[in-house]
Amino acid sequence: LISQFDTDKLEVYRNGAKLENDDFVGTGCELRLINEQETVDRLTVVIPGDIDGDGLIKLYDVRKVLRTAVGLETLTEASTLAGDIIDDGEIKIADARKLLRVCVGLESLESNVIPR
C-alpha cells in the first residue's frame, strides 16, 4: 500500500503496531500521515467484505456478518461499514448472502459497492 504513494511520511498501523512493507492492510488499519514524527492526519481503512481486518474476504467474514445480522455479535465501526455490502446502513442477512456468493465465486463486489 505504502509503495503506491509518493511519500515516506505515510505509515500504516494495525491495533497500534506499525506494519511492515510486506504486511497485509485490511479493515480497521489506520493510515497515518507523519510530519517530523508527529501524526498530522489519520484515516481508517475499510475494505468491503473484509470484516476481520486481514485484507481478504473469506468464510470467516461471512460468519461474522451473519452473526451480527442475527444479533449474536457486535462489530467495530470500521467492520460494520465493511460488512454493509448492500449499503443500506445496517448489516442484514442479505449482506451475508452477498458475501457468501463472493466467497464461492458466484458474484463480485465491484458491481454494487458504492465508495464511501
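In the block above lies the structure referred to throughout.
An account of the accompanying structure is given in this report. The structure displayed is predicted, hence computed values, not measured ones.

So, on to the pattern of salt bridges. Between side chains of opposite charge, pairing is possible as soon as their charged atoms come close. This structure, assessed with the given rule, holds ten salt bridges. For Glu11, the salt bridge is made with Lys18, and the minimal N-O distance between the two is 3.4 Å. With a relative accessible area of 48%, Lys18 lands in the partly exposed category. Notably, a salt bridge pairs Lys58 with Asp52, separated by 3.1 Å at the nearest N-O pair. Put simply, Glu30, Arg32 and Arg42 are held in one network by salt bridges that share partners.

Here we come to the pairing of strand β3 (residues 30-35). Sheet topology note: the strand β1 (residues 10-14)/β3 ladder contains four bridges and is antiparallel. Across the sheet, Glu11 pairs through a bridge with Arg32, a residue of β3. Pairing of β3 with strand β4 (residues 38-44), which is carried by six bridges, proceeds in the antiparallel orientation. Counterpart to Asn35 in the pairing with β4 is Glu38. Here β3 folds back onto β4 in antiparallel fashion, the turn holding two residues, of which Glu36 has a positive phi close to 50 degrees.

One finds Ile51, Val62, Val65, Leu75, Ala82, Ile85, Ile91, Ala96, Leu99, Val102 and Leu109 forming the largest nonpolar core, which totals eleven residues. Elements with a minimum of two residues in this core: α1 (59-69) and α3 (93-103). If you tally residues by element for this core, the top one is α3, at three residues. Judged by nonpolar contacts, the second largest core, of seven residues, contains Val12, Leu19, Val25 and Cys29.

With that settled, the discussion passes to the packing of aromatic side chains. The tally for this structure, following the rule as stated, stands at zero aromatic pairs. A cation over an aromatic ring shows up here: Arg32 above the ring of Tyr13, its NZ or CZ 3.7 Å from the ring centre.

What follows concerns the side chain of Glu73. Among the structural elements, Glu73 can be located in the loop between α1 and α2 (77-83). The class of Glu73 is buried, set by a relative accessible area of 19%. A polar contact of 2.4 Å, which involves the side chain of Glu73, links it to the side chain of Lys64. Not counting chain neighbours up to four residues away, the residues in contact with Glu73 comprise Lys64, Arg67 and Thr68.

Definitions and cut-offs
Within each chain, residues carry numbers counting from 1 in the order of the written sequence. Local features in a predicted model are, by the rule used here, given only for residues with pLDDT of at least 70; side-chain atom pairs are given and counted only at 80 or more, and totals for whole chains, interfaces and linings are based on all residues. Note that water and hydrogens are dropped before the side-chain values are worked out from all heavy atoms of the structure. Salt-bridge detection follows one rule: a side-chain nitrogen of Lys or Arg within 4 Å of a carboxyl oxygen of Asp or Glu. Relative accessibility under 20% of the residue-type maximum defines a buried residue, over 50% an exposed one, and the middle range a partly exposed one, all with a 1.4 Å probe and only protein chains included. By definition, two strands form a pair when at least two bridges between them are found by DSSP. Counting from the N terminus, the helices are DSSP H or I runs at least four residues long and the strands are E runs at least two residues long. Only buried residues count toward a nonpolar core. Its members are Ala, Val, Leu, Ile, Met, Phe, Trp, Tyr and Cys residues joined through side-chain atoms within 4.5 Å. Working definition: rings of Phe, Tyr and Trp (its six-membered ring) pair if their centres are within 6.5 Å, and the pair is stacked with planes under 30 degrees apart, edge-to-face with planes over 60 apart, and tilted otherwise. The rule for a charge over a ring is simple: NZ of Lys or CZ of Arg within 6 Å of the ring centre, and within 35 degrees of the ring normal. Whenever a nitrogen or oxygen atom comes within 3.5 Å of another N or O atom, the pair is scored as a polar contact, on the condition that within protein one atom can donate a hydrogen and the other can accept it, and that pairs from neighbouring residues in sequence are kept only if both atoms are in side chains. We call two residues in contact whenever any of their non-hydrogen atoms come within 4.5 Å of each other.

The analysis is restricted to geometry; functional conclusions fall outside its scope.
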